[in-house]
Amino acid sequence: MSPFKADGRRMEKPVQNKKRWKAAVLTAALSMGVWGCQGVGDGYDFQPETSSIYVSEDGKIQSATVENYDKDYYSQSGLEEFLAGQVAAYNKSLGAAELGHNIEGGQTLPAAVVSCSLEEGKAAVIYEYANSESFLDFAEEFHDADNLVSDFKTGTAAEARTEGWLEGMDFVKPGKGQEAADASADEISRLSDQQAVLVETDHPITLETGGRIRYMTRGVSLQDRNTAQIPEGTHVIIFK
C-alpha cells in the first residue's frame, strides 16, 4: 500500500468525516517499522529505520515499510484503523476471520497489523503473517515494492538441508571487522536447530533476525549482528 498514486502524485489532503480516511490512504503503502513495537515473541526489539523484513527465532515473519510523511496529513489512530480495515477485508477474501489484528488465543490470521507509528517526520507500519506464503501473497497484493521478493522460506537448518535449500550454496560466516570467513560444507552439515531463511529477490532488501547471524551466503553484507543487506539473487541466512 502506498501514500502515492501510480503517477507519483500525492493524494488529496483529507478534510472531515468520510474524507478523513484519505489521511490514512496517504500512508497505506507503508508496511514496516515502528518505534517502540515489540518483536514477535522472542524478546528482540524490532525497530527498523528503513523498510525491511524481520524473522524471529521461531520463524515468525513481520514486514515493515518506513517512509517520510507530512504531519498535516496524518492521524495515527485513523491510519491504524484504516489499515486494519484493509487487512480485515483481505483476510476475509481468503476465508479467514474478518479481522485486522491477531487476538491472543485466537486463530492466527494470514496477515495482521501489529502497529503503526508517526514520529519525527516518518510514518511506519508493521504487519505480521501466518507463514511465508501469506507474506509473499500480501506483499504482492498490496504492492509492497520494498519488501516484495520472488521467494521467502523459513525453517530450521535441519529442515532447510532436508528440503534442499542449502545444496550448492557458498556459505561464509562473520569474521573480525568487515571480513567474512569461509564456512566448510561439513560445518554447515552439522547445523540443526538454528533458524534458516531463504530469500530470492531481484532487488536489494534488508533482513533483520531475532538472533545473531551465524552464517550467510557469499555476497550478503552485515549491518550489525542481527541485520543483513541481501543483494539480488538467492541467498540463505542462518542465525541463532
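For the structure itself, consult the block above.
Worth saying up front: this structure is predicted, and the values here are computed from it rather than measured.

Definitions and limits used
- Residues numbered from 1 in each chain as written.
- Predicted model: local features only at pLDDT ≥ 70, side-chain atom pairs only at ≥ 80, totals over all residues.
- Heavy atoms only, no water.
- Helix = DSSP H or I, 4+ residues; strand = E, 2+ residues; numbered from the N terminus.
- Buried < 20%, exposed > 50% of the residue type's maximum accessible area, 1.4 Å probe, protein only.
- Contact = heavy atoms within 4.5 Å.
- Pairing = 2+ DSSP bridges.
- Axes fitted to C-alpha atoms, helices over the stretch in contact; angles between N-to-C directions.
- Salt bridge = Lys/Arg side-chain N within 4 Å of Asp/Glu carboxyl O.

> Can you walk me through the side chain of Thr227 in this structure?
By the secondary structure assignment, Thr227 is in strand β12 (residues 227-230). The exposure class of Thr227 is buried, given its relative accessible area of 5%. With residues near it in sequence (within four places) discarded, Thr227 still touches Thr206, Leu207, Glu208, Ile213, Ser221 and Leu222.

> Would you explain the sheet that holds strand β11 (residues 221-224) in this entry?
Within a sheet, each strand pairs with its neighbour through backbone hydrogen bonds, oriented either parallel or antiparallel. Judged by pairing direction, the sheet is mixed, and its seven strands sit side by side in the order β3-β4-β2-β1-β9-β12-β11 without closing on themselves. One side of each edge strand has no neighbouring strand; the edge strands of this open sheet are β3 (111-119) and β11. Averaged over all pairs of adjacent strands, the angle between strand axes in this sheet comes to 25°, irrespective of strand direction. Sheet topology places β3 next to strand β4 (residues 122-129); eight bridges connect them, and they run antiparallel. Within the sheet, the bridge partner assigned to Ser115 lies in β4 and is Ile126.

> What is the right way to look at the pattern of salt bridges in this model?
Overall, the coordinates contain seven salt bridges when judged by the stated rule. One salt bridge connects Asp170 with Arg218, and the closest N-O pair in it is separated by 2.6 Å. Residue Asp170 is located in the loop between α4 (157-162) and β6 (171-174), and its partner Arg218 is located in the loop between β10 (213-217) and β11; the two are separated by 48 residues in the primary sequence. According to the relative accessible area criterion, Asp170 is partly exposed, its value standing at 39%. As a salt-bridge pair, Asp193 and Lys240 come within 3.1 Å of each other at their nearest N and O atoms. Of this pair, Asp193 sits in the loop between α5 (185-189) and β8 (195-201) while Lys240 sits in the segment after β13 (233-239), and the two are 47 residues apart along the sequence. A network of salt bridges, in which partner residues are shared, links Asp170, Asp182 and Arg218.

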